[in-house]
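Observations on the model geometry
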Number of protein chains: 4
Amino acid sequence: MSPKLVDKTEKINEIATAALYLFAKKGYAATSVEQIAEAAGIGKGTVYEYFPSKEEIFVHAINDWIMDLINRMLEKTRDIENPVERLKAFIEMVKDVLNVEEPDPKKLFADIDQQTFMQGGAFYKRRHIIKDMRATFCDLVVDILLDGVSKKVFKPEIARDVSKIAINLLAYLDGICMHYLIMEEYQEFEDQIDFHVKGFVDYILV
Amino acid sequence: MSPKLVDKTEKINEIATAALYLFAKKGYAATSVEQIAEAAGIGKGTVYEYFPSKEEIFVHAINDWIMDLINRMLEKTRDIENPVERLKAFIEMVKDVLNVEEPDPKKLFADIDQQTFMQGGAFYKRRHIIKDMRATFCDLVVDILLDGVSKKVFKPEIARDVSKIAINLLAYLDGICMHYLIMEEYQEFEDQIDFHVKGFVDYILV
Amino acid sequence: MSPKLVDKTEKINEIATAALYLFAKKGYAATSVEQIAEAAGIGKGTVYEYFPSKEEIFVHAINDWIMDLINRMLEKTRDIENPVERLKAFIEMVKDVLNVEEPDPKKLFADIDQQTFMQGGAFYKRRHIIKDMRATFCDLVVDILLDGVSKKVFKPEIARDVSKIAINLLAYLDGICMHYLIMEEYQEFEDQIDFHVKGFVDYILV
Amino acid sequence: MSPKLVDKTEKINEIATAALYLFAKKGYAATSVEQIAEAAGIGKGTVYEYFPSKEEIFVHAINDWIMDLINRMLEKTRDIENPVERLKAFIEMVKDVLNVEEPDPKKLFADIDQQTFMQGGAFYKRRHIIKDMRATFCDLVVDILLDGVSKKVFKPEIARDVSKIAINLLAYLDGICMHYLIMEEYQEFEDQIDFHVKGFVDYILV
DNA sequence: TATGAATGAGCTTTCATTCAT
DNA sequence: GATGAATGAAAGCTCATTCAT
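Before going into details, it helps to say that this report is about the structure given with it. (Residues numbered from 1 in each chain as written. Chains lettered and ligands numbered in written order. Predicted model: local features only at pLDDT ≥ 70, side-chain atom pairs only at ≥ 80, totals over all residues. Heavy atoms only, no water.)

With that settled, consider the overall build of chain A. Looking only at helices and strands, one finds nine helices and zero strands in chain A. Across chain A, helices and strands are ordered from the amino to the carboxyl terminus as α-α-α-α-α-α-α-α-α. Here chain A, with 206 residues, has 51% of them falling under the buried criterion. A sequence separation of at least 24 residues applies to 66% of the contacts in chain A between residues at least 6 apart. Counting every atom, chain A has about 10000 Å² of accessible surface; 52% of that belongs to carbon and sulfur. Charged side chains in chain A number 26 positive and 35 negative. The centres of these two groups are separated by 4 Å. (Helix = DSSP H or I, 4+ residues; strand = E, 2+ residues; numbered from the N terminus. Buried < 20%, exposed > 50% of the residue type's maximum accessible area, 1.4 Å probe, protein only. Contact = heavy atoms within 4.5 Å. Areas by Shrake-Rupley, 256 points an atom, 1.4 Å probe, with all protein chains shown as cover. Lys, Arg positive; Asp, Glu negative; His and termini not counted. Charge placed at Lys NZ, Arg CZ, Asp CG, Glu CD.)

Moving on, we get to the relation of the copies chain A and chain B. The two copies are related by a screw operation: chain A maps onto chain B through 179° of rotation and 0.0 Å of translation along the axis, at an RMSD of 0.4 Å. Accordingly, the operation relating the two chain copies is best matched by a two-fold axis. Take the interface residues of chain A: 97% of them recur as interface residues in chain B, which is what a same-surface contact looks like. (Least-squares fit on C-alpha atoms with pLDDT ≥ 70 in both.)

Here we take up the side chain of B:Asp104. Looking at the secondary structure, you find B:Asp104 in the loop between helix 5 (83–99) and helix 6 (105–117). Here B:Lys106 takes part through its backbone nitrogen, which lies 3.0 Å from a polar atom of the side chain of B:Asp104. (Polar contact = N/O pair within 3.5 Å; in protein donor to acceptor, adjacent residues only side chain to side chain.)

Bringing the protein's contact with DNA strand F into the picture now. Taken together, 37 residues lie around DNA strand F, and B:Lys11, B:Gly43, B:Tyr50, C:Thr46 and C:Tyr50 are the ones closest in. Per the 4 Å cut-off to the protein, sugar and phosphate atoms form 60% of the nearby atoms of DNA strand F. The separation between a phosphate oxygen of DNA strand F and a polar side-chain atom of C:Tyr50 is 2.6 Å. If you list the elements that add at least two residues to the surface near DNA strand F, you get helix 3 (44–50) of chain A, helix 1 (8–26) and helix 3 (44–50) of chain B, helix 3 (44–50) of chain C together with helix 3 (44–50) of chain D. Taken together, the residues of the surface near DNA strand F sort by class into 13 nonpolar, 13 polar and 11 charged. (Near = heavy atom within 4 Å. Nonpolar A, V, L, I, M, F, W, Y, C, P; charged D, E, K, R; others polar.)

This part takes up the arrangement of the chains. Across the gap from chain A to chain D, with no contact made, the nearest C-alpha atoms are 9 Å apart. The smallest C-alpha distance separating chain B from chain D is 21 Å, and no contact links them.

Before going further, it helps to examine the relation of the copies chain C and chain D. Superposing chain C onto chain D takes a rotation of 179° plus a shift of 0.0 Å along the axis, which leaves an RMSD of 0.3 Å. Here 100% of the contact residues of chain C are again contact residues in chain D; the copies associate through an equivalent surface.

Moving on, we come to unusual backbone geometry. Although it is not a glycine, A:Glu184 sits at a positive phi angle of roughly 60°. With respect to the helices, strands and loops of the structure, A:Glu184 is situated in the loop between helix 8 (162–183) and helix 9 (186–204). Backbone geometry places B:Lys152, a non-glycine residue, at a positive phi of 60°. In this structure, B:Lys152 sits in the loop between helix 7 (127–150) and helix 8 (162–183).

In this complex, chain C contributes 34 residues to the contact, which on the side of chain D involves 34 residues. On the chain C side of the contact with chain D, C:Phe117, C:Ile182 and C:Phe195 bury the most area, a combined 19% of that side's loss. At the junction of chain C with chain D, the criterion picks out four salt bridges. Here D:Glu184 makes a salt bridge to C:Arg127, at a shortest N to O gap of 2.5 Å. If you look at where chain C meets chain D, you find 13 residue pairs in polar contact (both at pLDDT 80 or more). Counting residues per element, the ones that place at least two in the side of chain C that touches chain D are helix 6 (105–117), helix 7 (127–150), helix 8 (162–183) and helix 9 (186–204) of chain C. Of all the elements, helix 8 of chain C adds the most residues to the side of chain C that touches chain D, at 14 residues. When its residues are assigned to classes, the side of chain C that touches chain D shows 14 nonpolar, seven polar and 13 charged. (Buried area = accessible area lost by both parts, 1.4 Å probe. Salt bridge = Lys/Arg side-chain N within 4 Å of Asp/Glu carboxyl O.)

Under the definition given, this model contains 24 aromatic pairs over all chains. Seen from the ring of C:Tyr28, C:Lys54 lies directly overhead, with NZ or CZ sitting 4.6 Å from the centre. Stacked on the ring of D:Tyr124, the Lys or Arg D:Arg127 has its end atom at 5.2 Å from the ring centre. (Phe/Tyr/Trp six-rings, centres within 6.5 Å; stacked < 30°, edge-to-face > 60°. Lys NZ or Arg CZ within 6 Å of the ring centre and 35° of its normal.)

What follows is about the pattern of salt bridges. When the charged atoms of two side chains lie near each other, side chains of opposite charge can form a pair. Throughout the structure, instances matching the rule amount to 64 salt bridges over all chains. A salt bridge links A:Asp68 to A:Arg72; the shortest N-O distance between them is 2.9 Å. Here A:Asp68 and its partner A:Arg72 are both found in helix 4 (residues 54–78), four residues apart, which amounts to about one turn of the helix. What makes A:Asp68 partly exposed here is its relative accessible area of 37%. By relative accessible area, which is 33% here, A:Arg72 ends up partly exposed. Ionic pairing is found between B:Lys95 and B:Asp194, a salt bridge with its closest N-O pair at 3.4 Å. With B:Lys95 in helix 5 and B:Asp194 in helix 9 (residues 186–204), the pair connects residues that are 99 residues apart, well separated along the chain. Note on B:Lys95: relative accessible area 2%, which makes it buried.

A few words now on the environment of C:Leu145. Residues and elements named next belong to chain C. By the element assignment, leucine 145 lies in helix 7. Here leucine 145 falls in the buried class, since its relative accessible area comes to 0%. It is 19 Å that separates the C-alpha atoms of leucine 145 and asparagine 71, two residues lying 74 residues apart in sequence. Apart from residues lying up to four places away in sequence, leucine 145 is in contact with Phe154, Ile158, Val162, Ile165, Ala166, Phe200 and Ile204.

We now examine the environment of B:Ala40. All names here are of chain B. The residue alanine 40 is located in helix 2 (residues 33–40) in this model. Residues alanine 40 and phenylalanine 200 lie 160 residues apart in sequence; the distance between their C-alpha atoms is 45 Å. In this structure alanine 40 touches Ile15 and Ala18, once residues within four positions along its chain are discounted.

What follows deals with the interface of chain A and chain B. It is common to give the size of an interface as the accessible area that goes away when the parts come together. Chain A puts 35 residues into the contact, and the matching count from chain B is 34 residues. Across the chain A to chain B interface the summed buried area is about 3800 Å²; carbon plus sulfur atoms make up 64%. Remark: the boundary between chain A and chain B carries four salt bridges. In this assembly, chain A and chain B are joined by 13 residue pairs in polar contact (both at pLDDT 80 or more). The set of elements that each furnish at least two residues to the side of chain A that touches chain B consists of helix 6 (105–117), helix 7 (127–150), helix 8 and helix 9 of chain A. The element contributing the most residues to the side of chain A that touches chain B is helix 8 of chain A, with 14 residues. For the side of chain A that touches chain B, the class distribution of residues is 14 nonpolar, eight polar and 13 charged.

To continue, consider the packing of helix 4 (residues 54–78) of chain D against helix 7 (residues 127–150) of chain D. Residue and element names in this part refer to chain D. Where helix 4 contacts helix 7, the axes come no closer than 11 Å and their chain directions differ by 5°. It follows that helix 4 is roughly parallel to helix 7 by the angle criterion. Contacts from Val59, Asn63, Ile66, Ile70, Met73, Leu74 and Thr77 in helix 4 reach Ile129, Ile130, Met133, Thr136, Phe137 and Leu140 in helix 7. Of the residues in the contact of helix 4 with helix 7, the class split is 10 nonpolar, three polar and no charged. (Axes fitted to C-alpha atoms, helices over the stretch in contact; angles between N-to-C directions. Parallel < 35°, antiparallel > 145°, perpendicular 65-115°, else oblique.)

Moving on: the environment of B:Pro83. All names here are of chain B. With respect to the helices, strands and loops of the structure, proline 83 is situated in helix 5. With a relative accessible area of 3%, proline 83 lands in the buried category. For the pair formed by proline 83 and valine 153, sequence separation is 70 residues and the distance between their alpha carbons is 7.2 Å. In this view, proline 83 contacts Ile144, Asp147, Gly148, Lys151, Val153 and Phe154; residues no more than four positions away in its chain are not counted.

All names here are of chain B. With 22 residues, helix 8 ought to run about 32 Å at 1.5 Å a step, and its terminal C-alpha atoms sit 31 Å apart, in line with that. Summarising burial for helix 8: 19 of the 22 residues are buried, a large majority. Looking one or two residues beyond helix 8, the residue adopting positive phi is glutamate 184, at roughly 60°. (Expected span 1.5 Å × (residues − 1).)

Structure follows, in structure tokens:
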């Protein structure tokens, strides 16, 4: 915990942040280490003082980004008493994430998937990071649902399958976001989600 | 006059097929034209007699693959009279597609997304191919649902929102497949889908 | 002199003519054998039945073109009685050659120079073709001048240096054409030449 | 902060010089970037740290060479008082330029013409460089002639057509050099030029 | 520690030429 | 004789990484 270490951590984050914006703008492959260095305001060689490889920059930057996403999710939903409102707030957040312009999340997700599936990809041997993220989101939804059950707002019988229900909800959100990103029919997107969520809430309400 | 006439279309398909397996194994970017040529059992230069660029090989190979997927989907579901059975057959097919080992669909989808989102990607200016595929799947589900309504098996009121319902179902399937591909918990996958589908069918049955 | 040989010669000329237009349009390097074959209406492989290499096509085509140039020059100037008119007709011809649009002579000349000077170039070991062309032009001018002397139209003393005078006139014409091709000031070109020729004729007239 | 600072300009010139010798030896097209790198004693990739493309190397090298030619011309003729001597010094310089062995100017000029005339050539959209060079030479000759007129050494009436006269002289020199380069009759070259220049000087002297 | 100069493996693409039919 | 399918050498260029300073 010497001051040097603090500096080092800070520098690492600076580089990772600069890199994230570039990755989200141009994609992982199309972003060169030189560009990252330039964006971070340091020399190309200096990048390698803080990261052993471009791949590590990606992993670090994505990890930070995911952590930040999760924290914001938790914060926004933590203090809402009404379970229905809390659930809706969560879904709003999901929608918001996709509407961020910079850094563009769809390119990041495309790169993450790529790097997760391809042998030798940056996340190929670290899919636990991606899995953990999904698990955390799942836990959050489970928490909201069980809270609703305990407050007698949601049907008690959903408690038994709460995990499955949470995963299915998240899967739906994932899929519909993908659909929207590809189809580019922004205007219908909200309607589409609202339609599903309405059915979902009806289904779980007592 | 014409001494050595090769079936161009066949050769194109041979190369595209060889390429598809490599793309699905190592990813588009990591597959070199030389490797494609080798896999197709021809020289590097010969590839360029049939395709103007690596990008076109990708587009062609993916397009063929998608067309094949769609055709198989349509075939398998076309002749089933019972709407519920037909819907379930469709979902079975979706599950099956993901369980193909070679060419690995998850990697192909990751590459497709990548090449669709990234500026200058192979599908960046051809997303209509991807959109058309999704639209075709949507039409199929809509068809199944309306068929069910007309046969008085499904609730008449779903007709009004049939398009939304179809998209939401497909989005869910998309999302849950992605979830399964990332989480690698194959054993729970079937249960998970069945759970959702059971709820879905209950919801639409008269 | 069998009919087959005649056919062969004809075919060779067809290919060479097609090639010449392409060389003059796109340059030697940028013209592929495939394009030549296509322009000649034959298959790529057939070209090699008539020429051993692309280089030989170039040499043959250029040689034909030069021969044609020379013949046209001789024809146009042969029957003019008045030496001054004959000289002017020759110079008119030179001007005309450069104004041909297709095949563009400046590109051909640039390619010829290139292939003459560069070691291993198509004309590197055949500069005699180029030299002969220049010698023929020189002979023509010498002939015109001596004819003028014998007709007492031109000063008798130019006979002694007639060869030098001819070469210098041709060199000037060469140079001014080059100048015009590079500077692209077409309108001044005629004036420029006329100015020089007027001085030249004044100088050699009795 | 800046540990290894190389004089970029110097390195650029080193590469350009190495390239110029190769271009003059083998021609632009036949010279590969790898060969340039080797000749400059650096790696292939390093070349691209200093030049964005092979084309730019050519343009830079040729431009430097031309500038150097012009400067030497100006220097050699600047301080000569006697207009006739000055004119002769200029012509001597022209002769000398062609007698340089390395880098061989005839090959460079052949490449320049090539790259100027061919669409997409390195000088195709930069012919102003070539035009400027010719204009500068023209200005120099004009300057010599007008200086001679003002010193009452040359006829006053040449002042009116001084530009035409200069261009014609340069055109002749251009053409005769070309002739000599192609015909390779070095021994007659000097005589030939002297013969023309003698006539020229007689014509412009008072 | 910070740097940017240097690098070369590796990429996609071109095309003159060969040759089986 | 005519063909076009096949080829691979060679090109220009990119960029993650190394390393001397």
